[in-house]
Amino acid sequence: MLWAVMVAGVLAGVAALPACSSGGGKSGAAGTTGAAGTGGSGTAGVAGGTAGTAGQAAGTAGTGTAGAGAAGTGGASGAAGSSATDAGTAQDRPADSVATTSDAHEAGASSCSHGAISLAANGTGSDSDAARARVIIDLMADMPIGNASRTIEFWFYVKPTDWIAEKNEILFYGALTGSTRQVIGLDFGLPAVKGMPGNHATLNPWTDGVYDDDSGKDLGITSTVSQWVHIAIVWDALAFRTYVNGVERITTLAPANQPLATLAGLFYVGCLPLNFSCFNGLFDELRVWSVARTTEEIFTNYTKSLVGNETGLVGYWKFDDAPGSATASDSVTTAGHTAHPGVLTSATDAGAPVFVTPTPPSPVACP
């Protein structure tokens, strides 16, 4: 087994994370001293009726999408408000993101600009990456192994050049001993097959036998734009399921007498330790569960931050760490939990992973 020599990354400085920004036009709630409003449409959801310092003006706001907009007509003066935000009807959507990453956002939700971990030093489409930028997590005390139920989910930023079959391992854990079903990995799948869109946006979840799926199944997204994509991999003893943006897209049913046999091993984010075929994009909101999350749970929560004490959550990495940190903090808050920090690792200092404030941000709602 080839295990990497862990070299702490030298991290680039990161600007402070910006605050939440509210979405488009809403009905104004009462404000403290609100001035008369002007309705119209704006590009950042600037509501009609300027509110006082803490409230929004009462009245009907203009409609907006994203960006910075101007005031319009129609707002009334506000009075005695205490909150600068209220329930609205517009969805928030990061600039340049595609509709599939925002469809599950609740009306009026605010979107936060989270940090992310960048593995940009890795190459694209090569069998081996000289930088070997990756995050290694020793989760073996809590990691679901054997045939135990589990869920692994995360956001990652994918470019059109990333969708290359059998290249750029996204995640891996377990330990190969020459048998099958002893590991779990995820890389990019074969090009779309006949009857599927020819956009090459395919994934290959694999266990080194039985549950591998490199069939080129349609993921419901296009590969022609750079985009944030949410992935959830679930094993529930009945099937190996892969969800894309909250929707189950790849399902491999469990054959008789073929349970998973995952061995304990380090958890790799962004590289396959066997040949160091590595992904060169961004990761955010990595979560590992010791339970099989249901379809409803995944769809309802994939665009939301967690509290950290949810049932079955055994590892949670937001990648919001401070500039200069050599590790990614585990944000599980359950009493008695032993934290599992991720170690930023690379073959060279110049190729180290770095914490960044991505543009566009991942479509994760404010907690």
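In this report, the structure presented in the accompanying data block is examined. Small disclaimer: the values here were computed from a predicted structure and weren't measured.

### Digging into the pairing of strand β16 (residues 313–317)
The two faces of the sheet receive side chains in turn, since in a regular strand these alternate between them. Most of β16 sits out of view: five of its five residues are buried. Pairing geometry for strand β15 (residues 282–289) and β16, over four bridges, is antiparallel. Considered in β16, the bridge of R287 is made with Y316.

### Thoughts on the nonpolar core
One finds F154, F156, L203, I231, F267, F283 and L286 to be the most contacted residues of the largest nonpolar core, which totals 43 residues. Contacts of L203, omitting those with residues within four sequence positions, involve W163, I170, L186, D187, F188, G189, D213, L219, I231 and I250.

### A look at the sheet that holds strand β6 (residues 134–137)
Taking strand neighbours across the sheet as the criterion, the seven strands line up as β10-β9-β8-β14-β6-β18-β17 in an open arrangement whose pairing is antiparallel. Whereas interior strands pair on both sides, the edge strands pair on one side only; in this sheet they are β10 (203–206) and β17 (327–328). Alignment of strand β8 (residues 171–174) against strand β14 (residues 267–269), held across three bridges, turns out to be antiparallel. Each residue of the ladder has a partner; that of F172, found in β14, is Y268.

### Digging into the state of the cysteines
Counting across every chain of the model gives one disulfide. In this model, C271 is linked to C278 through a disulfide, with the two sulfur atoms separated by 1.9 Å. Residues C271 and C278 share a disulfide whose torsion about the S-S bond is about 110°; that sign makes it right-handed. Residue classification places C271 among the buried positions, given a relative accessible area of 0%.

### Concerning the pattern of salt bridges
Counted by the stated rule, this structure contains five salt bridges. Where R241 meets E248, a salt bridge forms, and the shortest distance between an N and an O atom there is 3.1 Å. For R241, a relative accessible area of 16% corresponds to the buried category. Taking relative accessible area as the criterion, E248 reaches 26% and is therefore assigned partly exposed. For R287, the salt bridge goes to E285, with nearest N and O atoms at 2.6 Å. Comparing R287 with E285 shows no difference in burial state: the two are buried. One network of salt bridges, with partners in common, ties together D236, R241 and E248.

Rules of the game
Residues numbered from 1 in each chain as written. Predicted model: local features only at pLDDT ≥ 70, side-chain atom pairs only at ≥ 80, totals over all residues. Heavy atoms only, no water. Buried < 20%, exposed > 50% of the residue type's maximum accessible area, 1.4 Å probe, protein only. Helix = DSSP H or I, 4+ residues; strand = E, 2+ residues; numbered from the N terminus. Pairing = 2+ DSSP bridges. Core = buried A, V, L, I, M, F, W, Y, C linked by side-chain atoms within 4.5 Å. Contact = heavy atoms within 4.5 Å. Disulfide = S-S within 2.5 Å. Salt bridge = Lys/Arg side-chain N within 4 Å of Asp/Glu carboxyl O.

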